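The chain contents come next:
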Amino acid sequence: MFPCLHFFFNPYHFRSIFDVFKMNYSTLAQWCNEPLPQFLKFKSMERAADQYRISFTKSYLFLQINLSGKDNFCFFTQDDTLDFTPAFSGVMSLFQNAVLSEISPLGNDRILSFLFHKRSIYGENLLLKIVVELIPGKLNIIFLEENKILQAKKIYSFADNPERQILSGQKYLLPVNKNKQEICYRPLPWHDQDYSFESVNDYLEHFFYNHIHLQRLAIIKNREENQRKKKIEKAETKLAHLRATWQDYSKTEYWKMAGELLKSAYHTITPGLQEISIVNYCDPKMPKIIIKLKKELSPRQNVDLYFKKYKKGINGKKIIESRIKMTEAEIQNLKNQPDYSQEKAEYTPKAKPNEKKSLKQIKINEILKIVIGRNDAENNTITCKLAGKTDLWFHTRAIRGSHIVIFNPYKKDVPQKIIEIAAGLAAYYSKAKHSGKVAVDYTHIRYVWKIRKGRLGQVNYKNQKTVFTKPRSMREVKKELNEFIKDTSKG
């Protein structure tokens, strides 16, 4: 219902249009009034800075909540550009698989209610809500069961707000709003020069990704450019210091000679001298040279000082030379980086789902099929996005490999032979494919969960069973399946 439309034009011009028609109560109410996409089952709530989104099971559609401060709104999108991480883990299990049934404004201010329905394990109907308060300065996301608060982004005690409290277990109350606002619908389509928006959702999605997001990219690039310049200045200062030290270390032969001459004329050095004139026996002409001394040191300490500087110079010169080369290379690398200040921020959406490579699968019959993940991205898609909670998931125990899932949408009993075949595929598409017997764990998808901050496709699981099987290639699997189908048809 909400196509992912992205146009490219000057975001600052679009900003002037948006200023005329600010994000107000009417805009949000008109967005709520648009047709709601069907069959959206809650999967998780995630966060990226001041952006939150709800992802849905077996859907590439997201509900994104923009809490950027000034212009706060919600929109449906297929864009997966931002780096979201899990949020509000305390209520996720309760909202899991709840169906989004209604979006409506609350009161007469910028507050939206997202109503979800779900059956509990006891068969009871649960009424769940997510209330999003989009009032600048009072931004909040609140999770409710019936009208009781479960969790919130911001909590308020009596000391914070005597009029209402946002605390777990309390009844949810709307904030006091003394301004009377009326809904004034703006007729569609909304236009801006050659661009037309057939829905409020398209307008809001476009405004976020082509103005707010671009503005942030420009700020980030400017920050990176300033950091790059500071790094160059710091490296150049370091290089000048290293070169000066190297010049100092180039006097090592003089320090050795001075130490030898002072040693030979040791009896002529009296304490408190700042310099001494000594015949340079190392030069065939034997001229007199002046050697500096430290008056606070004894004659022996002055001799030792020159020999110490000589030894340090011999070792230090090689180290300084290598550091000079490394610093010069560092400066060159920094200068070769692109100049972000000269670049214009551009928004490039990720590939749409229909552009993704098709998954490898084996159709067993009209009900069952086996799907194989060939990389981390496909493993993540199969296990975390497509599979249902009663589908069977297979993976080699303690060995890296593919995720194998038996899709069983009608929840029929899976024959033991099919389980053995899927386990064999899991063994074959793993690091143990050349082993004789491989331990393969399998469990229902409901007992598999993504590891927080883990790499793509990395999961944990429980309540598993284990089979020991030989790895089966695709050719072997197809042969066994044909024999199995023949045997079952005869029976």
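These numbers were taken from a predicted model, which means no experiment stands behind them.

Draft legend 1. Here's a closer look at the pairing of strand S9 (residues 140-145). Taking burial as the measure, the 6 residues of S9 include 5 buried ones, the bulk of the element. As paired strands, strand S8 (residues 125-133) and S9 are joined by 6 bridges and run antiparallel to one another. Note that in S9 the partner of Ile130 across the bridge is Phe143. Between the antiparallel neighbours S8 and S9 lie 6 residues, among them Gly137 with a positive phi of about 85 degrees. Across 4 bridges, S9 lies against strand S10 (residues 148-152) in antiparallel orientation. Paired with Glu145 across the bridge in S10 is Lys148.

Draft legend 2. Region of interest: the sheet that holds strand S22 (residues 465-469). On the basis of which strands lie adjacent, the open sheet formed by 6 strands has the order S15-S16-S18-S17-S19-S22 and antiparallel pairing. With partners counted over all chains shown, the strands left at the sheet margins are strand S15 (360-363) and S22, one partner each. Across the sheet, the axes of successive neighbouring strands diverge by a mean angle of 25 degrees, strand direction being ignored. Pairing geometry for S15 and strand S16 (residues 369-372), over 4 bridges, is antiparallel. Its bridge partner being in S16, Lys360 is matched across the sheet by Ile372.

Draft legend 3. Inspection of the packing of aromatic side chains at higher detail. Considering all chains together, one arrives at 17 aromatic pairs under this definition. Geometrically, the ring pair formed by Trp31 and Phe114 is edge-to-face, given 6.3 Å between the ring centres and 65 degrees between the ring planes. Here Trp31 is found in helix H2 (residues 25-32), whereas its partner Phe114 is found in strand S7 (residues 111-119), with 83 residues between them in sequence. The buried category is assigned to Trp31, whose relative accessible area is 2%. With relative accessibility at 0%, the residue Phe114 sits in the buried group. Summarising the aromatic geometry, the rings of Phe42 and Phe116 are spaced 5.7 Å apart at their centres and angled 85 degrees between planes, so their arrangement reads as edge-to-face.

Draft legend 4. Fine view of the sheet that holds strand S1 (residues 42-48). Strand order in the open sheet made by the 5 strands is S4-S3-S2-S1-S5, with antiparallel pairing throughout. Edge positions in the open sheet fall to strand S4 (72-77) and strand S5 (85-86), since each of these has one partner strand only. Two strands pair when backbone bridges link them, and S1 and S5 are joined in this way by 2 bridges, in the antiparallel orientation. If you follow Glu46 over to S5, its bridge partner there is Pro86. With respect to the sheet, H2 is in contact with strand S3 (62-67) and S4, its orientation differing from that of S4 by roughly 25 degrees.

About the thresholds
- Residues numbered from 1 in each chain as written.
- Predicted model: local features only at pLDDT ≥ 70, side-chain atom pairs only at ≥ 80, totals over all residues.
- Heavy atoms only, no water.
- Buried < 20%, exposed > 50% of the residue type's maximum accessible area, 1.4 Å probe, protein only.
- Helix = DSSP H or I, 4+ residues; strand = E, 2+ residues; numbered from the N terminus.
- Pairing = 2+ DSSP bridges.
- Axes fitted to C-alpha atoms, helices over the stretch in contact; angles between N-to-C directions.
- Phe/Tyr/Trp six-rings, centres within 6.5 Å; stacked < 30°, edge-to-face > 60°.
- Contact = heavy atoms within 4.5 Å.

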